[in-house]
Every structure is written in structure tokens, then in C-alpha cells.
Amino acid sequence: MTERITEVAVGATRTEGGTRTRSYRIGGASALPGMGDAGSRPLVALEICDDPALWPAVVLEEVGDLAGDLAGWARAAEEWWNADLVRLVLTSTRRRGFDDPAAAGRAVEEVLAATGLPLVVEGSADPALDTEVFRRCGEAGEGERLLLGTAEAERYRSVAAAALAYGHAVVAQTPIDINLAKQLNILLRETGVSHDRIVIDPYTGALGYGFEYSYSVMERVRTAALAGDADLAMPMISAAQDSLTVKEVREAPDEERAGTAVEWEFYAAFAAAVAGAGIVCVRHPRTVGVLKEAVADLWEGAGWP
Amino acid sequence: MAMKALEVYKLLPKTNCKECGFPTCLAFAMKLAAGGVEPERCPYLDEETKALLGGATRPPVRAVTVGVGARSFTVGEEIVMFRHEKTFYHRPGIMVCAADTSPVAEIRRTAEEVRDFVVHRVGQDLTLDGIALRCESGDPDRFAAAAMAVGECGDLPRLLIAADPAAHEAALRVCGQFLPLIHAATTENHAEMAALAKRYGCPLVVRAETQVKLADLAAQCTAAGAPAVLLDPAPRTMGDFVARASHLREHAVTRAAPDLGYPLYLDTVPLGTDAALAAGILRYAGVIAVPPLPHPSLLAALTLRQNIYTDPQKPIQVAPGIYPVNNPGRDAPVLLSVNFSLTYFTLLGYLEAAKVPCYLFVVDTAGLSVLTAVAGGKLDEEVVKKAIEATDLAGTVGHRTIVIPGFAAPLSGRIEEATGWTVRVGPRDAAEIGEFLETETEG
Ligand code: B12
Ligand code: SF4
């Protein structure tokens, strides 16, 4: 196993043509964590959204007024909670009757102005909206090397077009299947998105709710890539989106709910990092710190010659 | 080195007495050849045959059992690096620490809590595996007294942690019959520790900083008669553990170093608990010592262990069939669902909470969830039709209406045509099912 995972640039500083205060290159591994050179340390992204009505209650309780203040929330992600990245989920586009793609672009601008962190953007999930939403988002982040998502087998052209036009990278998601992941990467390449602009999202089921599949599909994607499959040799992103709406969190006693939320995210996100994910996303602000600490510890582990 | 099933079979008694737990000698031979079991399971092999078979067929990570009785657990017998290559067989035992400097009543309470802790998830009971007593007093008598306190908790497996063999000796006199795991034999004390392990027949952890020393210690202790060994690679950080455990597993599964083919031991207490516990579950720990943990940590950790130690090829399933919920009568609605355990138990939880009498009609989708089964062609009108015919659904209820999950809505017309039953499309989210059924029965 001598192959390497392609490096993907996320974020651009002034010298790189953007305005971020830092930028990253994810990937570069030639082994799984703990088994050799695992490449750059996984990044921890805190997810925020532009329409909190669709956000987990346990997070809203924690962030309070910030939920209605996108810029403040983004700034807090950097300054208080110390995230490596911000992931902006445009939940506004999920509302029935949404018809203001320009607002999505403005949300991206607002977050970029509020924080110096590189940005992952999760746009619309409706083919009827995609073209305009992704165009606006791409445009708003021109030069910033966003990680733009999400491309899926049935709807990847709009994201790809926006990424190509404005110089971003793309999140490519498939439902827990290594062959589908490979196919989508090939499709993206055919539209002109080069391999160093793709991040694989193999879909992460929440702990206890599909995670048993997601964990192994990540290991499989990674081992296949290291064994020489170039169409899978991209870094991976993991976001167990449903973590905070699972029964265990919802039905936890009041005094344990926040703790359960953090643990539920932590165990899955940390496991994803062990399985090779290069970016792990969480929603509860308190998960960020423990996760960063654990990942740093994992990366500094000393094995035997 | 490896032997084929037939070559193995030739060495077995061929009496098919079943005492090994397999129906025939041939079945046992096949499992042996695959490296999944120990030859010792057949009581009729002489030492020479056992040794011969052992070298050739022994699972690359040997089996070790901790404790006695119903709560005893076995670790090891693992054959792969990654669960997708086959599966992981024996989930790590999680043992909760108590210090011998704590009041006896507190030690007893910890042991009782560990014994009684259980979480029910998707039809399985998730439990903790034992109590770890740590000698912090340096006083053998105190350590023995602590071991005595745990005694009242029945056959809960024990782990004894002490640097001083004298402390172990004192504690083993009190609880040796429970075959505790003892920690640890080091380069300094291995002769005494191995002698204790031999005398009491209990499994022994060997601890060293390097791979060479670990292999050495394991070889010396087994040669001195220690019946079973675990390896503690003495990590200073969680990251060290992951790296060393991965290294050891690789040496074991490639059979590169037989003296490293033992389950691994991990003490999370000095390493930062949640991350180390998660790391141990993911990367090859056999026994994990943890401090008493808050409920959210336990819940998440046990769920992760359940996920990782589920065979990736076999989702946890329930038997297809008709399940009466809340004492239904002949008019009660019939709810169609799939035989994926997670789906069944989620649904059942909501139905019981809603207190609406109904029949849960579970069809065989090979353990796939509703959406996955629909997408993968495992739930369609033919499957439903066959299930209605195979069960006595028509005789159980006095009507001909079936409620299908919201996610199966696209199938409604075809199911009606194929079965002749009227189909109602229910909500997608099980949380809304109570409300749906109430308005249905009213209307
Ligand atoms: C884990 C998973 C898998 C696992 C399988 C797990 C399993 N044992 O089922 C694996 C990796 C094997 C898998 C495979 C596939 N998957 Co898949 N998978 C998932 C995932 C992440 C979670 C599924 C799950 O566990 N849900 C939890 C259970 C409890 O949900 P449920 O069964 O639906 O039950 C709920 C409701 O339906 C309701 N309910 C249940 N019964 C009843 C009955 C009544 C009467 C009522 C009213 C309600 C009700 O109550 C429950 C609780 O709310 C979903 C994404 C997601 N978030 O849903 C994708 C998903 C279902 N998969 C998908 C796909 C496409 C596939 C594949 C076809 C892909 C492929 N590889 O080719 C295969 C098909 C399988 C096959 N090969 O045959 C798609 C389906 C797309 C669609 N909309 O049709 C999804 C939605 C992912 C996506 N976004 O694309 N998958
Ligand atoms: S215990 Fe030995 S003799 Fe009996 S069936 Fe098993 S292998 Fe054959």
C-alpha cells in the first residue's frame, strides 16, 4: 500500500487569492490513522444554519440568541468554540415555497465577513432550486475555495458548474456504497471537476442508526484508495446529521440532554476520524473541543518501528 | 502453515459426539481450518494433535475467558484487521474501576451498579462486563478486603490491578475461584505473577513498552504455566494505544509473531476516558478498564460497541410475522413493516406509548429498513402478497385493510392489486403514528 490520498485545498488566504485567515490542505494519507502516515490531521467543522426552525432543539438551547444571528454564530464558532471550519447549512432553502436564492448568497457573504475560517456550504436539496442557489453561493464565495455541497448521483451538475465557475471544491455524497461513490467521482470528473477538488461524503448514519455501515464504508473507501483505486483517492467528510434527533438524545432527562448530545456526536465523529475522515462535522458547540483534543491525541500517537 | 479442512478432519475422532458445540467433526474441522476456534474445544484430542492443530489452525488472536458463570466473557478469536473483511467476533469487555482506598460500602455499590446496569437497544441487552479493583493502598490486606466486598456481587467478572504480586496473592486467596483477570506481569515480577496465574488458573495481562519485550513476556509466562495471556502495550496516550494495537493486530492476523497473538488490554483511566474508550472499541482492545462513567458516555460507548461488533453482512433482525400490540381485537388495524430490528423496536416504542391496539405485520426484507428495502427491491407487492399467504393474517383480523409506512407510499397501488387488500398510507415518521391511528379509527 504505497498510494496516497489526493490533497484538497480548503479555504484561501490573501496570498492565495481569498480573505481567509487560514487555509488547509486535507488528505495526503498513505495509511489509515494509527497504521502509518495518515496525512493531515482531521478538521473539526461546526455546523450553523440560516433558518433555525429546522435545527435540533438541543443546539438551540445551547446557542440561545446566536441562532437568529448568523454572523454572531459564525464568529462564536471561531472565537469561543475554536472550530477549524464553519459549515453553513442553508436550511432556509428547505422550506416549502422558498424562492429567494439571492438570500442564500447573502448568507454566505455574511458568514465569510464574520469569520476568517474556511467555509463549507451545504446548499439546497431540490433540483428545482439547485442551479440558482449554487450559483449565488459560488459567486458569493468567489476566490475563497469553499467546499460546496452536496453533489449526488441525480443532482450534481449545478454544484459542479458553480464550483468550476468560481473555483471551489465539491462534496460528493452517495448512500453508504463504495461503488456509487466511485461512480459519482467519475461523473464529476467528466464534467470537469478535477480529483483535487472532490471530497467524498460516503453518508454517515447516526450512532446506533446506520453508523455500523458508515464506519466500514469509510474504511473500505480508504483501503481501496490506498490499494490503488484513484477514483476513490480523495479525502472524506463525515457528518452524522441525524445525531441530535435520535431517540436517545430527544428522550434524555433534561439534565442529561446536552451531555448525551455531545457524546452521541463525539463517539460517531471520532470513530469517523479513526476510519479515515478528513473533515468531521458536528452541531453541538461543546462537541468541538473534546473532538479536537481527541483527534490531536490520535495524530500524535507513537507506534513501534 | 495453514491446513485444509479435510486434513484437519483426518486428525479428529470422527465420532460426531457434538461436545465441541458443532454438529459434526467435519463442521468443527471446517471452522478450525478457517481459524475461527481453538482445537481445545474437542475434549478427545491428545496433546500432540492439539499442538499440531493449534499451530496450524489456532485463530491468530487466541481466545481468553475472564470470570466464571453466566457473566463470564470471552475475547480474542479475531481473524481480521477490518470488520468488512469478515466480522469482529468478541466485543471487548468493559470493566469499571474501583480503588481499594474507597470505603468498602462504596466499592460494593459500584459493583452492584455495574452488575445491574443494562440498556435495551434494538432487542439486545447492552451491559457492562465486570469490576476492576485497583490497589492504590499498597496494602495487600486492604486489597483483599476490597476483593471480599465485591464477593457479594456473585459471579461478576473481576479484574485485579496491582503492581505487587503480594497484593494479588492476598486478593486471589479471597476471590481466585472467580478466575479474575490479573494485571500485570512485567519484566520485574513476571515469575511471581505467572506462578499465581498458574496456581489459580486465571488469565494474566503482561505489560511492556516494546513489542519485543511483550512477546518475550508472553512467551515466558505461558511457558511458566499461565493459562491465558492478554497484552498491555503500556501506551502513554490514546494515540499510542491506537498505533500499537493496530501494529499488534497486524502481526497477529498475518501470523507473523505467534507470541503476539493474544487479545489486548487497555486502561483508559490515565488516557482521557471517552476518546480512549472509543479508540479501544474501534481498534482491537479485548478488555477495557474504565472509571465509573456518566450515563451519556456509557450509552454512547455501548452503542458504538454494538455497532462495531454487529456483523456488517447481517443486520440485526426480528422474525417476520404478526405481532399483536396493546391487546388488539379482530377490528384492530394492521400495520405493515420490515424485519430490521431498529425499525421494529422504534415502531413498537411509539405504538406502545400511543396505547392504540393494533397488529404489527412484519415482512421479511432481509433486515433492511423501509426506505432501503424499497430502494433495493426487497419490499414490493410480491413480498407482501407472499407474507399475507404465509401467515394467517386473513384469519386474524375481520377486515381487509393494511396500513403501509409513508416511505413505502409508491407501492400502495401495486400492493392493492396484488393482494386485494385495501391499502392506507401511514405517516413517514413513526412519531406521528399514534395521532394517525386515532384519527383513522375515529373516521
Ligand atoms: C443504513 C442505510 C443503509 C444500509 C442498510 C441498513 C438496513 N439494515 O436497512 C445499507 C448500507 C446496506 C444501505 C443500502 C442501500 N441503501 Co441505504 N440507507 C441507510 C440509511 C442511512 C439509514 C436507514 C435506516 O436505518 N433508517 C432507520 C429506520 C428505523 O427507518 P425506517 O425503516 O424507515 O423506519 C421508520 C419509518 O419508516 C417508520 N415506519 C417503519 N415502519 C412503519 C410502518 C408504518 C405502518 C408506518 C406508518 C411507519 C413505519 O418508522 C420508523 C421510524 O421513524 C438511509 C438514510 C436515512 N437517513 O434514512 C439510507 C437510504 C435509505 N438508502 C438509500 C439507498 C438508495 C440504498 C441503496 C439502494 C444504495 C445502494 N447501495 O445501491 C442500498 C439498497 C440495499 C440493497 N443493497 O438491497 C436511500 C434511499 C433513497 C430513496 N429515497 O429511495 C437512502 C434514503 C439514502 C439517501 N439519502 O440516498 N442503506
Ligand atoms: S467434540 Fe471432537 S469428536 Fe465430538 S464432534 Fe466435536 S470434533 Fe468430533
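Just so we're clear, the structure is a prediction, and the values are computed from it rather than from any experiment.

Asks: Break down the packing of aromatic side chains for me, with residues and values.
Replies: Residues and elements named next belong to chain A. Considering all chains together, one arrives at 10 aromatic pairs over all chains under this definition. Seen in terms of ring centroids, Phe 211 and Tyr 215 are 6.1 Å apart; in terms of plane orientation they differ by 45°. Their pairing is tilted. Of this pair, Phe 211 and Tyr 215 both sit in helix H7 (residues 211-226), 4 residues apart, which is roughly one turn of that helix. For the residue pair Phe 211 and Tyr 215, the accessibility class agrees, reading buried in each case. Clustering of aromatic rings is evident, with ring pairs tying together Phe 266, Tyr 267 and Phe 270.

Asks: Lay out the interface of chain A and chain B in plain terms, naming residues and giving numbers.
Replies: Frequently, the measure chosen for interface size is the accessible area that the parts lose on association. Listed by partner, the interface residues are 36 residues for chain A and 45 residues for chain B. Counting the surface lost from both chain A and chain B, the interface buries some 3500 Å², and carbon and sulfur atoms represent 64% of this. Across the contact surface, chain A and chain B share 1 salt bridge. Between Arg121(B) and Glu248(A) there is a salt bridge, with the nearest N and O atoms lying 2.9 Å from each other. Listed by contribution, the elements that provide at least two residues to the side of chain A that touches chain B are H7, helix H8 (247-250), helix H9 (254-274) and helix H10 (285-300) of chain A. At 10 residues, H9(A) tops the list of elements feeding residues into the side of chain A that touches chain B.

Asks: How would you summarise the sheet that holds strand E13 (residues 321-325) of chain B if you had to cite specific residues and measurements?
Replies: Residue and element names in this part refer to chain B. If you trace the 5 strands from one edge of the open sheet to the other, you get E13-E15-E14-E16-E17, paired in mixed fashion. In this open sheet, the two edge strands, each paired with only one partner strand, are E13 and strand E17 (422-425). Each strand axis lies, on average, 30° off the axis of its neighbour in the sheet, ignoring direction. Helix-sheet contacts for helix H12 (residues 341-354) involve E13, strand E14 (334-338) and strand E15 (358-363), and the interaxial angle to E15 is about 175°.

Asks: Explain the site of ligand 2 to me, and be specific about the residues and the numbers.
Replies: Near ligand 2 you find Pro13(B), Thr15(B), Asn16(B), Cys17(B), Lys18(B), Glu19(B), Cys20(B), Cys25(B), Phe28(B), Cys42(B) and Pro43(B), and these make up its full shell. Split by residue class, the shell around ligand 2 holds 7 nonpolar, 2 polar and 2 charged.

Asks: Lay out the side chain of Thr260(A) with the relevant residues and their values.
Replies: One can find Thr260(A) in helix H9. With relative accessibility at 1%, the residue Thr260(A) sits in the buried group. Here Thr260(A) is in contact with Glu248(A), Val249(A), Ala252(A) and Pro296(B), once residues within four sequence places are set aside.

Asks: Run through the site of ligand 1, naming residues and quoting values.
Replies: Every one of the 36 residues lining ligand 1 counts as a neighbour, but Asp177(A), Tyr203(A), Ser337(B), Thr343(B) and Ser369(B) are closest to it. Residues within reach of ligand 1 are spread across chains A and B. One of the side-chain N or O atoms of Tyr203(A) is found 2.8 Å from a nitrogen atom in ligand 1. The separation between a nitrogen atom of ligand 1 and a polar side-chain atom of Ser337(B) is 2.7 Å. Breaking the shell around ligand 1 down by element, the ones donating at least two residues are E14, H12, helix H13 (370-375) and strand E16 (401-404) of chain B.

Asks: Requested: an account of a nonpolar patch on the surface, with residues and values cited.
Replies: On the surface, Leu6(B), Leu26(B) and Met30(B) cluster together to form a nonpolar patch covering roughly 300 Å² of accessible area. Tracing the backbone through its elements, the reader meets Leu6(B) in helix H1 (residues 5-10).

Asks: Which residues make up the pattern of salt bridges, and what values do they have?
Replies: Throughout the structure, instances matching the rule amount to 34 salt bridges over all chains. Among the salt bridges present, the one from Asp100(A) reaches Arg106(A), with a minimum N-O distance of 3.7 Å. A salt bridge links Glu136(B) to Arg134(B); the shortest N-O distance between them is 4.0 Å. Each of Glu47(A), Arg87(A), Arg94(A), Glu122(A) and Arg283(A) takes part in a single network of salt bridges with overlapping partners.

Asks: Any details on the packing of helix H2 (residues 70-79) of chain A against helix H3 (residues 101-114) of chain A? Residues and values, ideally.
Replies: Residue and element names in this part refer to chain A. Their axes nearest at 8 Å, the elements H2 and H3 cross at an angle of 40°. Classed by the angle they form, the pair H2 and H3 counts as oblique. H2 and H3 meet at a crossing whose hand is right-handed. When H2 is examined against H3, the residues Leu 70, Ala 71, Ala 74 and Arg 75 are found in contact with a partner set consisting of Ala 107, Glu 110, Val 111 and Ala 114. The residue inventory of the contact of H2 with H3, partitioned by class, reads 6 nonpolar, no polar and 2 charged.

Asks: Pulling in residues and values, what's your account of the UniProt feature "domain: CO dehydrogenase/acetyl-CoA synthase delta subunit TIM barrel" (unreviewed entry) in chain A?
Replies: The sites that UniProt annotates as "domain: CO dehydrogenase/acetyl-CoA synthase delta subunit TIM barrel" (unreviewed entry) are residues 22-250 of chain A. Along residues 22-250 of chain A one finds 38% helix and 16% strand; the C-alpha atoms at either end are 36 Å apart.

Asks: For the UniProt feature "binding site: 5-methoxybenzimidazolylcob(I)amide" (unreviewed entry) in chain B, give the residues involved together with the corresponding values.
Replies: Residue and element names in this part refer to chain B. Residues annotated by UniProt as "binding site: 5-methoxybenzimidazolylcob(I)amide" (unreviewed entry) correspond here to Thr 343, Gly 367, Leu 368, Ser 369, Val 370 and Ala 430. Looking at the secondary structure, you find Gly 367 in the loop between E15 and H13. On the basis of relative accessible area, Gly 367 is assigned to the buried category, the value being 2%. Relative to the helices and strands, Leu 368 resides in the loop between E15 and H13. If sequence neighbours within four positions are ignored, Leu 368 has contacts with Val 338, Asn 339, Phe 340, Ala 373 and Lys 378.

Asks: Describe the nonpolar core, naming the residues involved and giving the relevant values.
Replies: Among the nonpolar cores identified, the biggest contains 190 residues, and Trp73(A), Leu188(A), Phe270(A), Val206(B), Leu231(B) and Leu304(B) are the most heavily contacted of them. Considering each element in turn, this core owes the most residues, 10 residues, to H9(A). Every residue in contact with Val206(B), bar those within four places of it in the chain, is listed here: Ala185(B), Leu214(B), Leu217(B), Ala218(B), Cys221(B), Val229(B), Leu230(B), Leu231(B) and Asp232(B). Core analysis: the second largest hydrophobic core is formed by 25 residues, Ala332(B), Val370(B), Ala373(B) and Ala408(B) among them.

Asks: Hey, could you go over the pairing of E17(B) for me, with residue numbers and the actual values?
Replies: Residues and elements named next belong to chain B. Where E16 and E17 come together, 4 bridges link them in parallel fashion. Across the sheet, Ile 404 pairs through a bridge with Val 425, a residue of E17. Read from E16 through helix H16 (residues 412-419) to E17, the crossover connection turns out right-handed.

Asks: How would you summarise unusual backbone geometry if you had to cite specific residues and measurements?
Replies: The omega angle of the peptide bond from Gly149(A) to Thr150(A) is 10°, so this bond is cis rather than trans. Structurally, the position occupied by Thr150(A) is in strand E6 (residues 147-151). Looking along the chain, the bond that leaves His183(B) and enters Ala184(B) is cis, with omega of 5°. Counting through the fold element by element, Ala184(B) comes out in strand E8 (residues 181-185). Of note in the backbone geometry, Val122(B) takes a positive phi value of approximately 35° without being a glycine. Topologically, Val122(B) is positioned in the loop between strand E4 (118-121) and strand E5 (124-127). Non-glycine residue Asn326(B) carries a positive phi angle of around 60°. Tracing the backbone shows Asn326(B) in the loop between E13 and E14.

Reading the values: the criteria
- Residues numbered from 1 in each chain as written.
- Chains lettered and ligands numbered in written order.
- Predicted model: local features only at pLDDT ≥ 70, side-chain atom pairs only at ≥ 80, totals over all residues.
- Heavy atoms only, no water.
- Phe/Tyr/Trp six-rings, centres within 6.5 Å; stacked < 30°, edge-to-face > 60°.
- Helix = DSSP H or I, 4+ residues; strand = E, 2+ residues; numbered from the N terminus.
- Buried < 20%, exposed > 50% of the residue type's maximum accessible area, 1.4 Å probe, protein only.
- Contact = heavy atoms within 4.5 Å.
- Buried area = accessible area lost by both parts, 1.4 Å probe.
- Salt bridge = Lys/Arg side-chain N within 4 Å of Asp/Glu carboxyl O.
- Pairing = 2+ DSSP bridges.
- Axes fitted to C-alpha atoms, helices over the stretch in contact; angles between N-to-C directions.
- Near = heavy atom within 4 Å.
- Nonpolar A, V, L, I, M, F, W, Y, C, P; charged D, E, K, R; others polar.
- Polar contact = N/O pair within 3.5 Å; in protein donor to acceptor, adjacent residues only side chain to side chain.
- Patch = residues over 30% accessible without salt bridge, like charges linked within 9 Å, V, L, I, M, F, W, Y side chains within 5 Å.
- Areas by Shrake-Rupley, 256 points an atom, 1.4 Å probe, with all protein chains shown as cover.
- Parallel < 35°, antiparallel > 145°, perpendicular 65-115°, else oblique.
- Left-handed = near helix turned anticlockwise from the far one by under 90°.
- UniProt positions renumbered as here; feature names shortened; annotations may be inferred.
- Core = buried A, V, L, I, M, F, W, Y, C linked by side-chain atoms within 4.5 Å.
- Right-handed = clockwise from strand over helix to strand, strands pointing away.

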